[in-house]
Amino acid sequence: MKKLVLLLITTTILLAAPKFLMPDEAFKPHASLNEKMQIEASVEIAKDIYLYENKLSLEIINSSGVSIKNIKAPKAVDHHGDMVFLSTPSFVVDLKKEDGVSGMQEINFKLSYQGCSEQGLCYEPYEKEYTFSVDTSLLSASIEEKELKTLPISSSTQESLEQKKPEVEEKSEMDSIADTISSGNIAIILVTFLGFGLLLAMTPCVFPMIPIISGLIISQGEGLTTRKAFMLSVVYVLAMSVAYTIAGVLAGLFGANLQAALQTPWVIYSFSFVFVALAFSMFGFYELKLPDSFVSKVSKSGNSSGYIGVAIMGFLSALIVGPCVAAPLAGALVYIGQTGDAVLGGMALFAMSIGMGIPLIVVGVSAGKFMPKPGGWMTMVTAIFGVMMLGVAIWMLERIVDASVTMALYGMLGLGFAIYLGALEKETHIFKKSVALILFIYSVALLVGVLAGSTSMSKPLGFLKSNAVVTTVASAQVEHKEFIKITSIEELNTLLAKNKGKKVILDFYADWCTACKELEEVTFSNAEVKSKMDSFILIQADVTANTEIEKALSDKFGVFGPPTLIFFDENSKVMGAKTIIGFIEPEPFLKHLDSL
Amino acid sequence: MKKLILIFTLLTTLLCAGEIKWVDFDDAIEMAQKNNKTLLVMLSREGCPACEYMEDIVFTNDEVLKIVNKDFIPVHIDIYKGFVPDDLTYIGTPTFHFVDKNEKSIDTLVGGKNAKTFMEKLNAVIANR
């Protein structure tokens, strides 16, 4: 039969010596990205040229998290026993993204083809690469489809793939949350997010708000009723929720991280200054009040004093004090990013913020309710809150100044407070004096620690111990891996290439991120976690400065903010479902590591 | 029935006809230096219908065989498996190079040809030598 086929070819191989086209004349490949984020590709072929179907391939060759979902291909025809395209074939490639991929992604698209001339010449295989910038917000996530990086374009293969039971990929917490919103039932969404908010209230993101709201309420001073305390707390929480919602919707729609943008030194300095000013007003140096004329203009009832200030504080503290990213927040952002539905996503965010704020309202009301009557105790309580305010101011400075500086400031603050409490006086109540003395000793230790070069608040005198350890049990010390710090995609790629075949943990970190510090001090310093993490390559992406390069790095992995932990398998492929967003305790983290 | 006869004819042709004795490129150059013959280098590869056509139809043609075996040293290089000397350029397969004893390509034939055209080319190369 083969002979017969060959005999047939005889008729097509012409008598006269033909002039063969050069390859670039015979084949003209084209590919472009359309508005629907589909790749339109074709290989224009000259007269008498044909292309082999099985030699034609369309692939995405870089690992950008974007892959081919489906290829619409024309039907090939039988040509002497081979399936070929006798006229220019055009393809439409649908793309999809992996879980957790967002923003603009560069993809390298490769079009490979090989064909022959009817006049008796088979050309070399050729390939052409194209780079496209894909807006992944227009792509669907690859939740239900099996990953297929390349698809043979044969239509029969495609059909069989479609018939296969779709393999449900494990979802990350973030995506399950995004799915919750997609479910559409508004009541369920709001209640779920309110619940998430309540859980988040127990994280370090919300802790700094507790002294702020109590301080603000206490500073209202005399005439504060429980009702007013409640109203003030509600105003504070509402303002905080509005801030979270606006920041979240902006982040979801435009990928701009408003919170990170506000972590610039001058914002931090000025906000710290506000707290210092508040503190001094509590110490009774002066009274912080808006001018009466202004207050009466804003509201007719004189009772409104304080509300505006509290609202502003609530708004700003959400953005500046506690910029935390947690799974529910990221989930809502992903939903907004994917669907562009800012209303539903925003409502979810608002419900979550209210949830976060409920404990704050409780704190605020009790601060108002149990505030002692004016007198000696009252002075003491306001002083304590004044000190707390100063503490918040120093705590904020931690993000931008050296740890030794803030430690010295804490030491000074503690010392001053201890003396105020009467640590050095004879006529002090025994209880008060003991507390004051303990604080005094600790503060002195802090200052001594600073002078000795220690930066640990919990072990300021650790340098004494570490010397002893070195001299006695040095050999028992186990060396643990440290995070390798990077800030750009290039650095990451180099490291990934160097550590091929090993699993990698990529930790997005920023100095201003409270939960990141918590993660380091509680989880990463846990002995068991440490030894488990030794089997991974540890890379830390420092996004403190929020520069363009750092933003690009975050965008590449769809990271909304730190802390986010991304895991790579041995082939440097992101295990999307394994991503951890926000703080995680050592126990579940160990389990998580085991599941990798 | 017609088909059967055709296949039968083709098979007998194949069995009765002589074969091309393909020679290794380096050996062929040595032989060329001794006999003052020209190399006929065929560049081919798998999955190339025109190459198959040349091997199965043209190179089994008695007249072609006669000329090739008399005046040329046939060399067959699979461009993916064998080594292709730099001088032997190609844009596709099959490509034929006529190579002299100094390993220089003196003439080229691009693409598959039927026996008649192919022989015309062979004769032209002989005439120009």
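The coordinates are above.
Thresholds applied
- Residues numbered from 1 in each chain as written.
- Chains lettered and ligands numbered in written order.
- Predicted model: local features only at pLDDT ≥ 70, side-chain atom pairs only at ≥ 80, totals over all residues.
- Helix = DSSP H or I, 4+ residues; strand = E, 2+ residues; numbered from the N terminus.
- Buried ≥ 20, exposed ≤ 12 C-beta atoms within 10 Å, placed from the backbone.
- Contact = placed C-beta atoms within 7 Å.
- Pairing = 2+ DSSP bridges.
- Axes fitted to C-alpha atoms, helices over the stretch in contact; angles between N-to-C directions.
- Expected span 1.5 Å × (residues − 1).
- Bend = angle between axes of the 7 residues up to and from the residue.

## So, the overall build of chain A
No. 1: The helix and strand inventory of chain A stands at 22 helices and 19 strands.
No. 2: Counting only residues that meet the buried cut, chain A has 40% of its 596 residues in that class.
No. 3: At a minimum sequence separation of 6, the contacts of chain A that also span at least 24 residues come to 78%.

## Comments concerning the sheet that holds strand β3 (residues 92-93) of chain B
No. 1: With respect to topology, six strands assemble into an open sheet ordered β6(A)-β7(A)-β3(A)-β10(A)-β11(A)-β3(B), the strand pairing being antiparallel. Of all the strands in the sheet, the pair left with one neighbour each is β6 (77-79) of chain A together with β3 of chain B.
No. 2: Direction of pairing for strand β3 (residues 49-52) of chain A relative to strand β7 (residues 82-85) of chain A: antiparallel, over a ladder of two bridges. By the bridge assignment, L51(A) is partnered in β7(A) with F85(A).

## Describing the pairing of strand β1 (residues 27-33) of chain A
Where a strand is regular, its side chains alternate between the two sheet faces.
Residue and element names in this part refer to chain A.
No. 1: As paired strands, β1 and strand β2 (residues 38-45) are joined by seven bridges and run antiparallel to one another. The residue of β2 that forms the bridge with S32 is E40.
No. 2: Where β1 folds back onto β2 in an antiparallel hairpin, the turn is made up of four residues, including M37, whose phi is positive at roughly 60°.

## Comments concerning the sheet that holds strand β5 (residues 105-110) of chain B
Residue and element names in this part refer to chain B.
No. 1: Spatial ordering of the open sheet is given by β2-β1-β4-β5, a layout of four strands whose pairing is mixed. Of all the strands in the sheet, the pair left with one neighbour each is β2 (72-78) and β5. Going from strand to strand, the sheet's axes swing by 20° on average, the running direction of each strand aside.
No. 2: Relative to β5, strand β4 (residues 95-99) runs antiparallel, the two being bridged by five bridges. Pairing of F96 across the sheet is with L109, part of β5.
No. 3: In the packing of helix α2 (residues 25-35) onto the sheet, contacts are made with β1 (38-44) and β2, and the angle to β2 comes to roughly 165°.

## What about unusual backbone geometry?
No. 1: Across the junction of T93(B) and P94(B), the peptide omega takes the value -10°, indicating a cis bond.
No. 2: Inspection of the secondary structure assignment puts P94(B) in the loop between β3 and β4.
No. 3: A positive phi angle is found at S572(A), which is not glycine, with a value near 60°.
No. 4: By secondary structure assignment, the location of S572(A) is in the loop between β18 (564-568) and β19 (580-581).
No. 5: What makes S572(A) partly exposed here is the crowd of 18 C-beta atoms within 10 Å.
No. 6: If you check the backbone angles, N36(B) has positive phi at about 55° while not being a glycine.
No. 7: Structurally, N36(B) can be placed in the loop between α2 and β1.

## Some thoughts on helix α13 (residues 342-369) of chain A
No. 1: With 28 residues, α13(A) should reach 40 Å at 1.5 Å per residue; the first-to-last C-alpha distance of 38 Å fits that figure.
No. 2: The sharpest bend along α13(A) reaches about 35° and sits at G357(A), with the proline P359(A) one to four residues further on.

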